[in-house]
Amino acid sequence: MSTHYSTVQRLDDTLSLQTEDGWPSNKRRYVRRDGTCNMVFRHIPEEWLHYVTDIFTTLIETRWRVMLLIFALSYILSWLLFGILFWVIALAHNDMKDHYNAPCMDGVRSFTAAFLFSLETQTTIGYGSRGMTENCMEAIVLVTIQDVISVFIDTFVIGIAVAKMASARKRAQTIGFTHCAVVNLRNGDLCLSWRVGDFRPNHMVEGTAHAQIVRHTVHTTGRVDVSYKDLQIHEKDFLLAIPTTVLHKIGPNSPLYRMSLRDLRREAFELVVSFTYTDDSTGILHQTRTSYTPNEILWGHVFQEMLRVTRKNYKVDYALFNHTGKVHVPEVSAEEYHRTKISPWLRHSPRMSPRLSPRLSPRLSPRLTKLPTVTVELVSGNEIEKDTIDNCNTLKNEIEKDTIDSCNTLKIE
């Protein structure tokens, strides 16, 4: 069935749709599915200064093609700079014009030769046709400076390349969340759950799951408020050896406690989930995160079982990682569902029903065989407590009176 939209509005390059039944559909996300934040920073004071001050982190966060271009330019520009300096020294020593003069550098009679001498010196190639002599002290000092700078460049390049390959973002890509979250019944309670799994055979040392409800409110004055509410997770610390279902019980302290299926479809919040862990191979702390919108939370679904136990090992079928199955779940809120479970208990509560004392035999008093009847009506507020106390006091007085009469009759007999 096609959806008809009554309102289409564009705000800050984000398309907002209003359907005919009033349910909003907002394409804006606080955290993208890949875990990156949907943020654009503008007018940062001294932005370039911050990037240059922390140049190591800046290069790690850049793309590989940009980093390789920067590394190539650092080598080429250093060769060119020292080649020009060697060429200037050769000109000052008159090595270009007087071929019979004792040169500062053997085989350096042109700019091309000076550039090749700089390249061979920094990369320690040593072809044998060009070399340093003891005729010019300034050339010897310049070669020493170039050697020291080349060591720093090599160390910087290798360190950044290794750090970029061992980046936590790469390891985070091997930890995955399901494409959707589900709401179902667990032990008689409505629960929100999602699944997380590790796609590599070497697992992490430990891990902790977190979840937050993120809402943003736009006021008429243009001010935007972003609120965060934590969700209590049942058994949030676990070892991710097999795909694990993270469970949140929708209780009175949950932001979803008064939210039914229809309310859920009307909401515009975002469920941000994360898994923080320590890698077993490197010992580095990582974090993987994603988010779910209300349309990505399936009501009345359960995740299909992936684990199979054999005689030798446990088999996990990741083809079923995102598969769910439908189950019967009431489309009411957890508050209303909890109230419907308590209502029959109030009608049939043991405190509301009279019980015969085991020490008294029915043969002693025929009147005890017919117990008084107490009628309980469900009302709100303090009336329930007041009616319950009155009924219990009346029942207590009648039982005590019947007990005394039975004992007197037995004594007379």
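Within every chain, residues take consecutive numbers counted from 1 along the sequence as written. The predicted nature of this model means local features are confined to residues of pLDDT at least 70 and side-chain atom pairs, given and counted, to a pLDDT of 80 or more, with totals for whole chains, interfaces and linings taken over all residues. Only hydrogens and water are set aside when side-chain values are computed; all heavy atoms of the structure are taken into account.

Novice: Could you give an account of the overall build of the chain, naming the residues involved and the relevant values?
Specialist: Where helices and strands are cited, they refer to DSSP runs of H or I of at least four residues and of E of at least two residues respectively, numbered from the N terminus. Helices and strands together make up the secondary structure of the chain, namely nine helices and 19 strands. Accessibility here uses a 1.4 Å probe with only protein chains present; expressed as a share of the type maximum, an area under 20% marks a residue as buried, one over 50% as exposed, and anything in between as partly exposed. Among the 413 residues that make up the chain, the fraction classed as buried is 32%. Residue-level accessible areas treat just the shown protein chains as cover; the underlying method is Shrake-Rupley with a 1.4 Å probe. Total accessible area on the chain stands at roughly 27,200 Å², and carbon and sulfur atoms take up 57% of it.

Novice: Break down the packing of aromatic side chains for me, with residues and values.
Specialist: Between rings of Phe, Tyr and Trp, where Trp is taken as its six-membered ring, a pair exists when centres lie within 6.5 Å; planes separated by under 30 degrees are stacked, by over 60 edge-to-face, and by other angles tilted. Inspection of the entire model under this criterion finds 10 aromatic pairs. Residues Y75 and W79 carry aromatic rings whose centres are separated by 6.1 Å and whose planes lie at 40° to one another, so their mutual orientation is tilted. You can see Y75 and its partner W79 sitting in helix α3 (residues 64-92), four residues apart, about one turn around the helix. For W79, a relative accessible area of 16% gives the class buried. When the ring of Y318 is compared with that of F321, the centres are 5.8 Å apart and the planes differ by 40°; the resulting orientation is tilted. Exposure remark for Y318: the relative accessible area of 30% places this residue in the partly exposed category. Any Lys NZ or Arg CZ that is within 6 Å of a ring centre and within 35 degrees of that ring's normal is treated as a charge sitting over the ring. The lysine or arginine in question, K164, covers the ring of W64, its NZ or CZ lying 5.6 Å from the ring centre.

Novice: Outline the state of the cysteines, listing residues and values.
Specialist: Disulfides are defined in this document as cysteine sulfur pairs within 2.5 Å. Overall, the coordinates contain one disulfide when judged by the stated rule. Here C104 pairs with C136 through a disulfide, and the sulfurs are 1.5 Å apart. Between C104 and C136, the S-S torsion sits near -45°, and that sign places the bridge as left-handed. Pair noted here: C104 is in the loop between α3 and β4 (105-106) and C136 is in the loop between β5 (131-132) and α5 (137-165), with a separation of 32 residues, a long-range link. On the basis of relative accessibility, which here comes to 0%, the residue C104 falls in the buried class.

Novice: Talk me through α3; I want residue IDs and the actual numbers.
Specialist: Here α3 is 29 residues long and its end C-alpha atoms lie 42 Å apart, about the 42 Å a rise of 1.5 Å per residue gives. Residues M67, F71, S78, W79, F82, G83, F86, I89 and A90 constitute the buried set of α3. Only heavy atoms matter for contacts: two residues are in contact if any of them lie within 4.5 Å across the pair. Summarising the contacts, the buried residues of α3 are in contact with α2 (55-61), β4, α4 (111-123) and α5. Directly beyond the C-terminal end of α3, a positive phi value near 65° is found at N94. Here a helix's expected span is defined as the number of its residues, less one, multiplied by 1.5 Å.

Novice: Can you break down the nonpolar core residue by residue, with the values?
Specialist: In these notes, a set of buried Ala, Val, Leu, Ile, Met, Phe, Trp, Tyr and Cys residues joined through side-chain atoms within 4.5 Å is what counts as a nonpolar core. The biggest cluster of nonpolar side chains holds 33 residues, and the ones touching the most others in it are L190, L192, W194, L271, F275, Y292 and I297. Where this core is concerned, the elements lending two or more residues are β6 (175-177), β7 (181-186), β8 (189-198), β9 (207-218), α7 (261-266), β13 (270-278), β15 (297-299) and α8 (334-347). When residues no more than four places from it in sequence are discounted, the contact partners of Y292 are R29, R33, F177, T178, H179, C180, A181, W194, E270, L271, V273 and I297. In this structure, F82, M105, C136 and V143 belong to the second largest nonpolar core, which totals 14 residues.

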